[in-house]
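Architecture at a glance
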Amino acid sequence: MAISESRNPGEIFGIEEAIVSESCSLSMKLSQTFFPPPFLQSSGLYQRSSSHAIFAFSPAFSLDDWDHRIHHGDDLSLFPSLRLISGYDTALIHPPFLRRFHQILATSLLDHEVRRAVTERKRIIFTGHSSGGPIAVLATIWLLEQSLNLKNPTNQSLPICITFGSPLVGDIVFGHALRREDWAQRFLHFVSRYDLVPRLLLSPVDPQLHHILQFFHPNSPSFNQEDISSSQQTLHMYTTVMRNASYVATHRACEAMGSTNLLLDALLGLVKMSPYRPVGTYVFCVGNEKLVIVKNSDAVLQLLFYCLQVSPEESVAEIASKSLKKHLMYESEVRHCLEKMDVVCLEHLEKVPLSSEDGGEDDQMALIQSVLNELGMSTEARLSLRATGEIEKQKMRNQGKIDSNYSKIEKALKSLESYKSSCALRGVGYYDSFKLQRDIEDFNANLKRLELAGLFDEILEMMKRYELPDAFVTRVEWVEMGTNYRRLVEPLDIANYYRHSLNEETGPYLNKGRPKRYKLPQQLLERIRRLPAGSCSESCFWATVEELRIEKRSFAETKERVLELEKQLLGWLTSGEMTKDVLVEGSTFVQWWKTLPDEHRMTSCIGKVLIDGVGRNAPIV
């Protein structure tokens, strides 16, 4: 458990107090403007210098701007990083928010103004209150995506997002992608303990939301009126949101605790739970000028539910009314909290005290206990928080287990390198020697291939179940290891595939036979190098050769594919991504290439390599 004792906001939030205050002021100003523009750019009035440019987005108060059932397609072209690298699943972004961001980008001067601020080397801050928050989130990701194209991006060139009372934006894949790219730390969300709006999307959008939105709409006669905050619609909305939030929080807590109760799966069939989840750093305004900072997304989910429970001193109607009023009070609440800077950072959640009576062994634990009591954390809530802490610890243990296999994988790869060298000494290509399986060395190489497949499949399975830290997949040493593994071992898998004629039952290797343990390292390398999908396919060379060799088509029908393969081969040989053993006399490739028409071979880009000196150390040009 850790507490922040610093009074320096820059150390706690990673950004100056003045920037947080101005972001809040601009955001709330738009929320209270009758006809707000899509965004408002900071005038720099509160800034000591012009080193920052703040863009605040206005909220929307129409039901159409909230209802996920109004769906116009998911255009994620601006957000290529929001997907699983280990699969083809893309993130789900709340459709109305995504649509609105596209509209703002297409119809306003946002792109122009942001580019100008970037050119002027200003630090970009995107901010928003209420449903302006999700637009700020998407604008931040949009600019972060563009920063990937910079040769040397600096912290100064990367944007920061600050929201106030923002609803959720994306699903579990959305959060995973932001943490994987190390972007989650760039999102700072202020949430009042009693604000209902950040919880709204934990529940299906109810038609009653229309009445609630009128309470927040400056143009409505019901704006900030007592009769709405104390109405039956408000009570209905509060109970509906909290009931659905309980399903989501309880289900996730049970998963975290490793529950095997079949009722857990049955619940999914009976209740359609919200897919949206928190991501980033959350700052909970407790209500007594105290701030509680939480970075664990699972813990934030539990707090969003449990913090808004009815206390013994208040009625459901009172809490429901307060849950609307608090949404309009961020400017004063945030300002007072920043002045006092009484901050508690909840970390090491697995040590959360279960009893509200436990005073703790030291001052730190006593302060944590005090905060949990002020937040109304029951024993059930504390158990859920502990479970979220255990999830993080288990992920690190799993990573340690995988790391312990690193040397074993390295040793197996070295063994296959030796096998490849021995094939060259025997004058036989690496691929063809393994495909023929005539010597004991070939048999031993197959054992290593199977051993490595088991080790890499274990990693993939853990990633599929989100049992590893999100950033594990992008660690440089594992990206390099995966690339070496793919280039060395996949040709053996292809040889085995065609040796046993699996293509006759399953189809071509590249269509149905290629395992994910090769796809993932290739996708990672292409992403890191910012290359088009499929451009690092050198390890699949032999599969293409086999299909061209097997196909009973005329050269005219396959000419374009042949030309592309030859061009790729020359590039891979020149760059060293493939070795010259592919050119050994009698190899599957050379035998097939010799069957091509003479006029083609004489003008081929690899003709100087193969004609009159196949495999005899001909120069690579």
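Calculation criteria
Residues numbered from 1 in each chain as written. Predicted model: local features only at pLDDT ≥ 70, side-chain atom pairs only at ≥ 80, totals over all residues. Heavy atoms only, no water. Helix = DSSP H or I, 4+ residues; strand = E, 2+ residues; numbered from the N terminus. Buried < 20%, exposed > 50% of the residue type's maximum accessible area, 1.4 Å probe, protein only. Contact = heavy atoms within 4.5 Å. Areas by Shrake-Rupley, 256 points an atom, 1.4 Å probe, with all protein chains shown as cover. Axes fitted to C-alpha atoms, helices over the stretch in contact; angles between N-to-C directions. Parallel < 35°, antiparallel > 145°, perpendicular 65-115°, else oblique. Left-handed = near helix turned anticlockwise from the far one by under 90°. Nonpolar A, V, L, I, M, F, W, Y, C, P; charged D, E, K, R; others polar. pLDDT = per-residue confidence, 0-100. Phe/Tyr/Trp six-rings, centres within 6.5 Å; stacked < 30°, edge-to-face > 60°. Lys NZ or Arg CZ within 6 Å of the ring centre and 35° of its normal. Pairing = 2+ DSSP bridges. 1 Å grid on protein atoms, 1.4 Å probe; cavity = no way out; pocket = protein on both sides within 12 Å on 5 of 7 lines; lining within 4 Å. Points joined across faces, edges and corners; volume = space filled by probe spheres on them.

Some remarks on the overall build of the protein chain
Check the secondary structure of the protein chain and you find 27 helices and eight strands. The 621 residues of the protein chain split such that 54% are buried. Once local pairs closer than 6 in sequence are excluded, the contacts in the protein chain between residues at least 24 apart make up 76%. Split by element, the accessible area of the protein chain, about 28,100 Å² in all, is 52% carbon and sulfur.

Considering the packing of helix H18 (residues 440-464) against helix H19 (residues 476-499)
Remark: H18 packs on H19, axes separated minimally by 11 Å, with the N-to-C direction vectors making an angle of 130 degrees. As judged from the angle between their axes, H18 and H19 are oblique. Of the two elements, H18 crosses H19, and the hand of that crossing is left-handed. Along the contact surface, H18 presents Arg449, Leu452, Ala453, Phe456 and Ile459, while H19 presents Trp478, Met481, Gly482, Tyr485, Val489, Leu492, Asp493 and Asn496. Residues of the contact of H18 with H19, tallied by class, amount to nine nonpolar, two polar and two charged.

Observations regarding the confidence of the model for the protein chain
Residues of the protein chain with pLDDT of at least 70 account for 90%, and the chain-wide mean is 87. For the stretch residues 1-7, pLDDT sits under 50, and the model shows 27 contacts to residues farther than four places along the chain or on other chains. Within the model, pLDDT remains below 50 along residues 612-621, and this stretch shows 20 contacts once partners closer than five positions in the same chain are excluded.

Focus on the packing of aromatic side chains
The relation between two aromatic rings is expressed through the spacing of the ring centres and the mutual angle of the planes. In this structure the tally under the stated criterion is 22 aromatic pairs. Residues phenylalanine 39 and phenylalanine 55 carry aromatic rings whose centres are separated by 6.1 Å and whose planes lie at 50 degrees to one another, so their mutual orientation is tilted. With a gap of 16 residues between them, phenylalanine 39 in strand S1 (residues 39-41) and phenylalanine 55 in strand S2 (residues 52-57) connect regions that are remote in the sequence. The buried category is assigned to phenylalanine 55, whose relative accessible area is 0%. Aromatic side chains phenylalanine 164 and phenylalanine 190 sit 5.3 Å apart centroid to centroid with 20 degrees between the ring planes, which places their arrangement in the stacked category. With phenylalanine 164 in strand S4 (residues 160-164) and phenylalanine 190 in strand S5 (residues 187-192), the pair connects residues that are 26 residues apart, well separated along the chain. Judged by relative accessible area, phenylalanine 164 falls into the buried class, the value being 0%. Taken together, the ring pairs connect Tyr431, Phe541, Trp542, Phe589 and Trp592 into an aromatic cluster. One cation-aromatic arrangement involves lysine 322 over tyrosine 194; the distance from NZ or CZ to the ring centre is 4.1 Å. Its end group placed over the ring of tyrosine 430, lysine 420 keeps NZ or CZ at 5.2 Å from the ring centre.

Describing the pairing of strand S8 (residues 342-346)
Side-chain direction in a regular strand flips from residue to residue, so the side chains alternate between the two faces of the sheet. Here S8 lies mainly inside the structure; four of its five residues are buried. Alignment of strand S7 (residues 290-294) against S8, held across five bridges, turns out to be parallel. Paired with leucine 291 across the strands is valine 343, a residue of S8.

What to know about empty space enclosed by the protein
Applying the stated criterion across every chain yields a total of four cavities of 30 Å³ or more. In this structure, the largest cavity spans a volume of roughly 160 Å³. If you go around the largest cavity, you meet 13 residues; those closest to its centre are Phe456, Ile459, Trp478, Leu520 and Leu524. Going through the elements one at a time, H18, H19 and helix H22 (516-528) are the ones with two or more residues in the lining of the largest cavity. Taken as a whole, the second largest cavity spans an internal volume of roughly 110 Å³. Together, 12 residues line the second largest cavity, and His176, Met463, Leu468, Pro469 and Asp470 are the ones closest to its centre. For the lining of the second largest cavity, the class distribution of residues is eight nonpolar, two polar and two charged.

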